[in-house]
Amino acid sequence: MINIVALLSPYDLTCEFLDRPRGMDEPAPRLAWRLRSDAHGDRQSAHRLTVRAAGRLVWEHEGTDGSQVAYNGPPLAPSTRYTWTVEVRDAWGSPAGSAESWFETGLMGGWSAAWIARDEAAQPVFEPPADDDLTLNTRKLTPPAQLRRAFDLPELPVRARLHASARGLYRFSLNGSRVGDAELEPGWTDYRERIRYQTHDVTALLRAGRNVLGALLADGWWSGFVGFDPRRAGKLYGDAPALIAQLELEFADGSRQVVATDGDWREAPGPLRHSDLLMGEYHDARRRREGWDAPGFDDSAWAPVAVLGRDTDELVWSRSTPVRVVADLPALRSFPAPGGGTIFDLGQNMVGRVRLTVHGAGRGRRIQLRHAEMLAADGSPHTANLRRAEATDVYVCAGDPVEVFEPAFTLHGFRYVEVTGFEGRMEVTGRVLQSDLPWTGEFTCSDELVNRLHENIRWGQRGNFVSVPTDCPQRDERLGWLADAQVFLPTAARGAEMSAFMADWMRDVLSGQDAEGAFPDVAPKVCLTREGAPGWGDAGVIVPWTLYRLYGDRRVLADCFPAMARWVDQIERHNPDLIWRRRTGRNYGDWLQVGVDTPREVLATAYFAQSATLVGRAARALGLAGPAERYETLAAAIRAAFTAAFVGSDARVHGDTQTGYLLALEFALVPAELREAVAAHLVRDLAKHDDHLTTGFIGVGLLCPVLTGIGRADLAYRLLHQESFPGWLFSVRHGATTIWERWDGWTPERGFQSATMNSFNHYSLGAVGDWLYGGVAGIGQEPDSVAYSGLTLCPHPGGRLTWARAAQETPRGRVESAWSVAEGVFTLDLRIPPGADALVHVPTSDPEAVRSTAHVTVLERRDRVTVCSVTSGQHRISAPWATAPAPYERTTP
Ligand code: RAM
């Protein structure tokens, strides 16, 4: 598992937290790298950055420690590739490794293209479809457009970049070949304020002579169905999609040519009768026109396009990671559907779409695909929980011997696909789509059920980070709910590089802030107009703070700070007694908690205190002394008000719920002398519920960390291993392959919970994932540390685990923690990245008993642990271990 690397060397170079971004318009991009070395005690004593364009030196920078530098050279030119190199010196001052990467600037505002769209007034060359097989919803949709434009090149350019965007969704082709591999471009943002554009390298697709640019243009989030709004999103953003593109060509002699969207483009509907994210796609292959996007095609019957104008102010560079097909899941089995047709089972609840291959289906055959996460009791697809999302694709065959159908602009959450209309030979493959965020974490342990839980958390992460962080991927919702995002972010950031994606989404959160200063419930703000609820709106404070702490993204913190402060100010303004009861929006409380009711004002006031605290900490981090003092004082006053209003003399928190105690402890709301008594109430409540949790979305992520923090990791493990309802392994024991929205989404006794609000792919309750890395394997950072500069390793052997291992790519480099207990010995294998002297908490109260390889220094004995300081490099530490793992007893679910 360990590669031998001799020299200190940089790797994973990023620009603005992205790997080699194209079309990067940030004037002072941050360049960052990770480090690795096998030498103990190694660190970067010096680094040297050089930035070059066309071989010429543009900027040079030298520094010492640190692995993130903002470009500060002469202004970057548009449409230019910059190559950058980082060279480092090791702890002993000797030259060590180096690495190279690049970024490319985009148009930097240099748009000359016009927005174009189907000219509704022009006669479409499309027979009006027979509506008999369309539903009311899909009848409201219009066919996606096919657009094309031919142009001539006297010679081949040396460099060609296509800058493109849409009000809607686009997919480009050049001379019949698809451009790039990204899906659902330009992604979803708050279109009223900004739309991303993408830059594609198309040099290799061009030829001398005649060339043709083709584009498909669909409604997507712009003018399709979005959320639970029964109207089309057109009522929100615009009625119909539009396209913009600028192809920039550079020739060997330095001359340039531009082909842009303008009045010379022509349009016709193609085989897609409709395509909608929620409803599905209808593809009539009889309407395919071979070669429509290549030279030689006669487009004289196509209609001219409408030119809508040249206002490009809303176009911004793509700071986020594109959506891509990241995996293929061939169907594992198939069986007859009760209502006719065949059901294919992919074995995994996934997000994306299907590739269907049919053999000899015959011209005009109409094949329908319905998608479902679960099967109903009679074995038919359970679609009630999709609500208005029809999630139905239709393919009408052209009559070729073998035909392949894969929708282009729709997305479903499903494990089962029901295929009707064809019984012959066919193959079904699930194509998994997600924002292609690099995986940075790994976790495994000796318990297969916990491993499946971890896998389920990952699948929730895959399926719900598609352009924006969503609550669920299947029903007519799929919205960027703020609480879901904030409770899950710490887990998500263990598993994958979330920095650029979440920082970009924060712009939509800021766009959704109302005139009073309230953040919204969902971002992009659609469907819901009121101020964000406690725990929801607070994500506007928590997310930037978390990104700063985990990734050292100081800029996102600075950019968001005024909005963060306004959020807290408006709560204070409306609640001068510091108990948050007014302006609580739709006030969801501890959403989907089980059998208890955490009082709304307890939860709200706790979050008010936490947001004020974080705004104070943010102000300190940004060097704003005045605001820091103001919010620190405010936070202290809210804590005092919380204790006075809600904490009894017996340390009971009003409502007496787990979430109430968890919030009081995690947010440090009660005075130090009451903490122990408050913790005792939490422990009592767990016993009262026979080691079961009662928490909903807000409390769930706090359970295991807080219990571990109060010295009761044993209880955290009991919850983790709990197989009966409510608990994480309940769904795992019932075959879940993702995290469910509800603890009892399905039970053997009652079958499905609510018909209509019962997603089987919600990530919120998976917030325990953070503790698997941070508690079980023990990878964490000191309270004041940023970007893992002060690393801590506090592994917690316990429960029925005999071993666990986790690895995480932190901004400094890779951390590994692997422990096992066997024959009375606890053994810990560690890898610490260069420069990060770490504190290791060895679970023994006898410092004399700690055995280790060199470079480990025993520092002090604390309650049940011995703290050691460890240099960078690999280490093995062991100590006697008396506690046997808990017996492995399976409860009957
Ligand atoms: C549900 C969403 C989301 C939750 C809100 C309150 O409809 O799925 O997860 O945050 O309600």
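Residues numbered from 1 in each chain as written. Predicted model: local features only at pLDDT ≥ 70, side-chain atom pairs only at ≥ 80, totals over all residues. Heavy atoms only, no water.

> Please clarify how the sheet that holds strand E42 (residues 825-832) should be interpreted in this entry.
Strands pair in a sheet through their backbones, by hydrogen bonds, and they do so in one of two ways: parallel or antiparallel. Sheet architecture is open: 6 strands sit in the order E33-E40-E41-E42-E47-E44, paired in antiparallel fashion. With one partner strand each, in any of the chains shown, strand E33 (441-445) and strand E44 (851-852) form the two edges of the open sheet. Helix H15 (residues 769-776) rests against E33, strand E40 (803-810) and strand E41 (813-822) of the sheet, and its axis sits at about 75° to E33. (Pairing = 2+ DSSP bridges. Helix = DSSP H or I, 4+ residues; strand = E, 2+ residues; numbered from the N terminus. Contact = heavy atoms within 4.5 Å. Axes fitted to C-alpha atoms, helices over the stretch in contact; angles between N-to-C directions.)

> What is the right way to look at the environment of Ala664 in this model?
Relative to the helices and strands, Ala664 is located in helix H10 (residues 658-666). Residue classification places Ala664 among the buried residues on the basis of a relative accessible area of 0%. As for Ala664 and Val602, which are separated by 62 residues in sequence, their C-alpha atoms are 9.2 Å apart. Excluding residues that lie within four positions of it along the chain, Ala664 makes contacts with Phe642, Val653, Leu669, Val670, Arg675 and Val678. (Buried < 20%, exposed > 50% of the residue type's maximum accessible area, 1.4 Å probe, protein only.)

> How should I be thinking about the site of the ligand in this particular structure?
Neighbouring the ligand are Asp471, Arg475, Glu477, Trp481, Asp484, Trp536, Tyr588, Trp591, Phe697, Glu741 and His762. Take Asp471: an N or O atom from its side chain is 2.5 Å from an oxygen atom of the ligand. At a separation of 2.8 Å, an oxygen atom of the ligand approaches a polar side-chain atom of His762. Protein chains bury 96% of the 290 Å² of accessible surface belonging to the ligand in isolation. In the shell around the ligand, the residues fall into 5 nonpolar, 1 polar and 5 charged. (Near = heavy atom within 4 Å. Polar contact = N/O pair within 3.5 Å; in protein donor to acceptor, adjacent residues only side chain to side chain. Areas by Shrake-Rupley, 256 points an atom, 1.4 Å probe, with all protein chains shown as cover. Nonpolar A, V, L, I, M, F, W, Y, C, P; charged D, E, K, R; others polar.)

> Is there a simple way to think about the environment of Leu715 in this case?
With respect to the helices, strands and loops of the structure, Leu715 is situated in helix H13 (residues 713-721). Classification of Leu715 by relative accessible area gives buried; the value is 6%. Here the alpha-carbon distance between Leu715 and Phe228, two residues 487 residues apart in the chain, equals 40 Å. If near-sequence neighbours (up to four positions away) are discounted, Leu715 is found in contact with Val683, Leu686 and Leu707.

> How should I be thinking about the packing of H13 against H15 in this particular structure?
The relative placement of two packed helices comes down to the angle between their axes together with the axis-to-axis distance. Taken N-terminus to C-terminus, the directions of H13 and H15 make an angle of 140°; their axes are 13 Å apart at the nearest point. Read as a crossing pair, H13 and H15 show a hand that is left-handed. Contacts from Ala716, Tyr717 and Leu720 of H13 reach H15 at Trp771, Leu772 and Val776. Of the residues contributing to the contact of H13 with H15, the split by class is 6 nonpolar, no polar and no charged. (Left-handed = near helix turned anticlockwise from the far one by under 90°.)

> For this particular structure, what's the right way to read the domain arrangement of the protein chain?
Quoted interface sizes are often the accessible area lost when the parts come together. When cut into domains, the protein chain gives domain 1 (9-104), domain 2 (115-320), domain 3 (324-435), domain 4 (441-776) and domain 5 (791-880). Taking only C-alpha atoms, the centre of domain 1 and the centre of domain 4 are 36 Å apart. Counting from both sides, the interface comprises 9 residues of domain 1 and, opposite them, 7 residues of domain 4. Between domain 1 and domain 4, the buried area comes to about 600 Å², and carbon and sulfur atoms account for 40% of it. Where domain 1 meets domain 4, there are 4 salt bridges. Between Asp553 and Arg30 there is a salt bridge, with the nearest N and O atoms lying 2.6 Å from each other. (Domains from an automatic or database assignment. Buried area = accessible area lost by both parts, 1.4 Å probe. Salt bridge = Lys/Arg side-chain N within 4 Å of Asp/Glu carboxyl O.)

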